[in-house]
Amino acid sequence: MRFSPGGSVFLWGQGCWEPVAMGLLRLLRRPPVPWARSPARGSPLRAQHSPPCRPSGGRPYKAVIFDMGGVLIPSPSSVAAEWEARNHVPSGTIIKALVAGGEKGPWMRFMRGEMTAEGFLQAFGTQCSEMIKSPVPVGSFFSLLTSGQVAKQFSVMTEAINRIRAEGLKTAVLSNNFYLPSGESFLPLDRKQFDVVVESCLEGICKPDPRIYKMCLQRLQVEPAESVFLDDLAHNLKAAAQLGIHTIKVNDAESALKELEIFLGFSLRKIIPNTCSVRKTMEIPRDSLEKYLKNFLGSQAAVSGPLEVLQFSHGQSNPTYSIRLANHHLVLRKKPPGKLLPSAHAVEREFRIMKALRDAGVPVPKVLDLCEDSSVIGTPFYLMEYCPGQVYKEASLPGLEPSQRKAVYTAMNQVLCQLHSVDVKAAGLEDYGKHGDYVQRQVQTWTKQYRATETSTIPAMERLIEWLPQHLPKAQKATVVHGDFRLDNLIFHPEKAEVLAILDWELSTLGDPLCDVASNCMAHYLPSDFPLIKGLSDLDITQLGIPTAEEYFKMYCHQMEIPAAENWNFYMAFSFFRVAAILQGVYKRSLRGQSSSAAAEQSGKLAESMSNLAWDFAVKEGFRIFKGLPTPRLSTRAYGVWASRRPPLLPDGTRSLATASKAAAPKGVLIISPEALSEPVRDLHHRLERFIETHVYPIEQDLRNHQMSEARWTPAPQIEKLKEKAKSEGLWNLFLPVETDPERKYGAGLTNLEYAHLCELMGKSLYAPEIFNCSAPDTGNMELLVRYGTEQQKARWLLPLLDGRIRSCFAMTEPQVASSDATNIESSIREERGGYVVNGHKWWISGILDPRCQLCVFMGKTDPRAPRHQQQSVLLVPMDTPGIKVIRPLSVYGLEDPPGGHGEVLFENVRVPKDHLVLGPGRGFEIAQGRLGPGRIHHCMRLIGYSERTLALMKERVKSRVAFGKPLVEQGTILADIAKSRADIDQARLLVLKAAHLMDVAGNKAAALDIAMIKMVAPTMALRVIDRAIQAFGAAGLNNDSPLAQFFSWARALRLADGPDEVHRSTVAKMELKR
Ligand SMILES: Cc1cc2nc3c(=O)[nH]c(=O)nc-3n(C[C@H](O)[C@H](O)[C@H](O)COP(=O)(O)OP(=O)(O)OC[C@H]3O[C@@H](n4cnc5c(N)ncnc54)[C@H](O)[C@@H]3O)c2cc1C
């Protein structure tokens, strides 16, 4: 199978299917290492799979062990000589004093960690002073010895260590060392360079004691003869040699390294970062290459001297080599060996694009020659100049100042703009890729690729495959695109924030430039310990000086003088989708044994997490059906005005009092019938209704049976399946009102009034709200997080809740106190050691038994002495925190409401970090009010749905049931009951809609009276309607064959669960008395 995404050719089926997959596989094994780069500070440059080094005819070496003082950093004796000269202390005093006393002297005791720095300096000072009969300020010597200017690793040694590790050998430090006054040991080295560090003061043993060498070898897991040891002291070397370790005496670093090179058989100086000896399978015929190079370079300069060929550690897709001949330093990039499809690994394309771009002024390495003659080294190849410089492998740019980081990101953004501004025609690149529909083709390609490698269903991939084609960007520019534009594909100037070269052009083509920007921002959404790219999502990037992804996009748009990309979440979703598809391919190959590494298997898991991340962006981007909705402009008219100036409500002969027109309904109009909703919302209403009728009603009986079965505490698989379907159809997260989510970042952004009509539909089935991610208590908790959560809290809890991946509960009510008065809540949230400790006893906590419940929104007292309404706080408690004990599920008329249930729970010394508090201490009431804003009437909306369904069931039943010679429907009492129910429902609906409308046009506060009224009215109205239906059903109304029994018990529970009737009545009465 062959796909051609926008010009680059991708192959499948030959084990060489694509450069990206190879790249990712490589990334899984180790950080990406393009050619021509210098190591970022502190990055381990370990080649994990290189074979051990074998000197000609000898045993292979597996490790190099370094002494510290005198080998890696200056020796105490050289520091002492300099200090003595400066301080007029007789030469040799310090060293004489150091060795005096032998094993029992202060120096050796200090080295074994038996003395503190203060104790040693006192004893050592006395010793020196006695020796020269005059005071010696040894403190100043010690400060110099341990100072930053002196105690610095020799750069040649750093280079050598990098090279040794690149060749796959282990490294260790074995040092006679001491503690500093701070209590830490003196180790002015980057520990990451070493596999093992052995320090005498920590072990209580010093060199030349053989035990400390054995300890080091054991930790390295090598035999003595497999290691080389470098030290400046002969007696330390002697002891090592006696154990069979190869030794090198270090007089000066340069000559010691020369000797080490002979042992190891490769060069350690003037190394090219990230190169290693050429792997056996990747060797190129040297004679033929040399002849070719001499011929090619001969005309430019005298060419003599040996040819040095090293391989860049990456480049499994297109192997890449560092070539040195005389004073020329080049990079050679070739196709891999073996049979390839003609258009695969197109080094010719790379050569062409780099040449054209360099001519157009884009910084790329200068390409010198393309050799398409396979007879020279076996495959076509090209040559370019080696470009030295700095490559930053970590997106967080460790070791830089915030201003430098900002400059690096700005330079990266600028160079990307420069690339995207290239005049394709003038650069002769018009035929470098297809024109138009780039993203569409990419989505198709990666979907096919994914399907071809699918191993099991990944729900987020399924949703994305439906969502992406429906949300493609309308207008797409076509420019040169890099295809894999990342920080670590750039070579920077070593001293300033300037990009010297952009590398890795394998995926370049013509396409939508915003794909490059999105791909460039992926690190922003990955954690710093992510195996592919060390990301930024868990770091405070603003403090680091790094722009956020949104700022980075804006910076790009500003530079390019284009309008800010509104749909950049789409591009992020696409970028992560593409990575997920690639990883799935790598995973499939690992299963077929084509790729051996365990890391490849890890890619299977990563594919799923990348697709979830992609879906998070899709959710943020929203659904086109919502985007087609007219932006609700909420009127700010006061209730009084609304009441006195009646909106144009036109009877239409049905129960609708508003016109059903194609145009959006007039603003500020109370729409009492779905037919009068704006066209897109009406469409949503119809689709929701169809979905419930087609997919939900038919499985209700199964779901009720599941709730009575042994498996009841696990989610019903049918619900999970329908959730995926609802998500992909955009029937998801409809509840978040536009006032909470004005940019429709998280949901449909409907008005409360619009949602009331949809919510009523969902109320017709007890199972429907969850299927559309619109069920309590998650809805209230999500709204709470949108309104009050920090970005971190949103990332951790809101996004998975919005995606339906987790569930949540709200814990307020307590058995000991009358909880209808929330000021009574007694649970404590105590501040302790930078966190909070929670203790309390809660009950009726809905949803807490659900195995997917991962978050408990907890209400408790942070300050019992504060004013009454400032004592309570809201804390986000992860459900896996130790100390949470669910004692039992509580039942409502015998119904346990599984799998969420209603739990009685103990919180015993539950510890959570401080940043889990919402908004701040004492703000619990404020939050609870906000949480219960729109959410306050959702139950009422659903109760209208219960009632409508009930009445429909009743009508059906009484038409078909005959008693005493005629259908029940002909009995006068039945007719009266139907009439009463219709009137009850319509009255209550009007009140619900009025409350929702007032919330929209006048705000929640102005709607308080209507909210309280409907809460008082709706449950009792529903109970009456359901009770009449149950009566008409006869005994069948009480069992589990219809939803009536459950409707009845939940309507009854809602006379308490949403606050007792009496409390609402008292609110209404008080407000009425004030009028
Ligand atoms: C099915 C169900 C699910 C629930 N889910 C949750 C949940 O997820 N999280 C949570 O924290 N809680 C939950 N609750 C608890 C619910 O919020 C409380 O039951 C409710 O707030 C009442 O508190 P209480 O039970 O302590 O009654 P109390 O406060 O003890 O009140 C008892 C009775 O006193 C009377 N009364 C109270 N105040 C007044 C007044 N001002 N005037 C006149 N009479 C009054 C009323 O008749 C009231 O019913 C749930 C309850 C049910 C039944």
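Thresholds, definitions, all that
- Residues numbered from 1 in each chain as written.
- Predicted model: local features only at pLDDT ≥ 70, side-chain atom pairs only at ≥ 80, totals over all residues.
- Heavy atoms only, no water.
- Pairing = 2+ DSSP bridges.
- Helix = DSSP H or I, 4+ residues; strand = E, 2+ residues; numbered from the N terminus.
- Contact = heavy atoms within 4.5 Å.
- Axes fitted to C-alpha atoms, helices over the stretch in contact; angles between N-to-C directions.
- Core = buried A, V, L, I, M, F, W, Y, C linked by side-chain atoms within 4.5 Å.
- Buried < 20%, exposed > 50% of the residue type's maximum accessible area, 1.4 Å probe, protein only.
- pLDDT = per-residue confidence, 0-100.

Novice: What is the right way to read the sheet that holds strand S11 (residues 328–334) from this model?
Specialist: Two orientations exist for strands paired in a sheet by backbone hydrogen bonds: parallel and antiparallel. Strand order in the open sheet formed by six strands is S8-S9-S10-S11-S13-S12, with antiparallel pairing between adjacent strands. Looking at the sheet topology across the chains shown, the edges are occupied by strand S8 (275–276) and strand S12 (367–371). Pairing of S8 with strand S9 (residues 307–312), which is carried by two bridges, proceeds in the antiparallel orientation. Of the residues in S9, the one forming a bridge with cysteine 276 is glutamine 311. Its contacts with the sheet put helix H13 (residues 347–359) on S11, S12 and strand S13 (381–385), and the angle it makes with S12 is roughly 150°.

Novice: Mind showing me how you'd approach the nonpolar core here?
Specialist: Within soluble globular proteins, side chains that are nonpolar tend to cluster in buried spots. Counting residues in hydrophobic clusters, the biggest one holds 205 residues, and the most contacted among them are Met572, Phe576, Leu734, Tyr755 and Phe772. For this core, the leading source of residues is helix H21 (residues 568–591), giving 13 residues. Once residues lying within four places of it in the same chain are set aside, the contact partners of phenylalanine 576 are Met522, Tyr525, Leu526, Met610, Leu613, Ala614 and Phe617. Judged by nonpolar contacts, the second largest core, of 57 residues, contains Cys128, Ile161, Leu169 and Leu189.

Novice: I would appreciate a short explanation of the confidence of the model for the protein in the present structure.
Specialist: One rule of thumb: low pLDDT means the predicted coordinates there are not for detailed reading. Of the residues in the protein, 87% have a pLDDT of 70 or more, and the chain-wide mean is 86. Residue range residues 1–19 is modelled with pLDDT below 50. Its contacts to residues more than four positions away, or to other chains, number 67 contacts. This stretch, residues 25–59, has a pLDDT under 50; its non-local contacts, to residues over four places away or in other chains, come to 119 contacts.

Novice: Honestly, the sheet that holds strand S7 (residues 246–249) in this entry has me stumped. Any pointers?
Specialist: With respect to topology, five strands assemble into an open sheet ordered S5-S4-S3-S6-S7, the strand pairing being parallel. Each edge of the open sheet carries a strand with a single partner, namely strand S5 (196–199) and S7. Between one strand axis and the next, the sheet turns by 20° as a mean value, whatever way the strands run.

Novice: Explain the pairing of S11 here, please?
Specialist: S11 sits mainly inside the fold: seven of its seven residues count as buried. Side chains His328, Leu330, Leu332 and Lys334 project from S11 onto one buried face, and the interleaved His329, Val331 and Arg333 project onto a second face that is buried too. With six bridges joining them, strand S10 (residues 320–325) and S11 adopt antiparallel strand pairing. Within the sheet, the bridge partner assigned to arginine 324 lies in S11 and is histidine 329. Turn length for the S10-S11 hairpin, with the two strands adjacent in sequence and antiparallel, is two residues, and the turn residue alanine 326 shows positive phi of about 50°. Two elements, S11 and S13, share five bridges in a ladder whose sense is antiparallel. Within the sheet, the bridge partner assigned to arginine 333 lies in S13 and is tyrosine 382.

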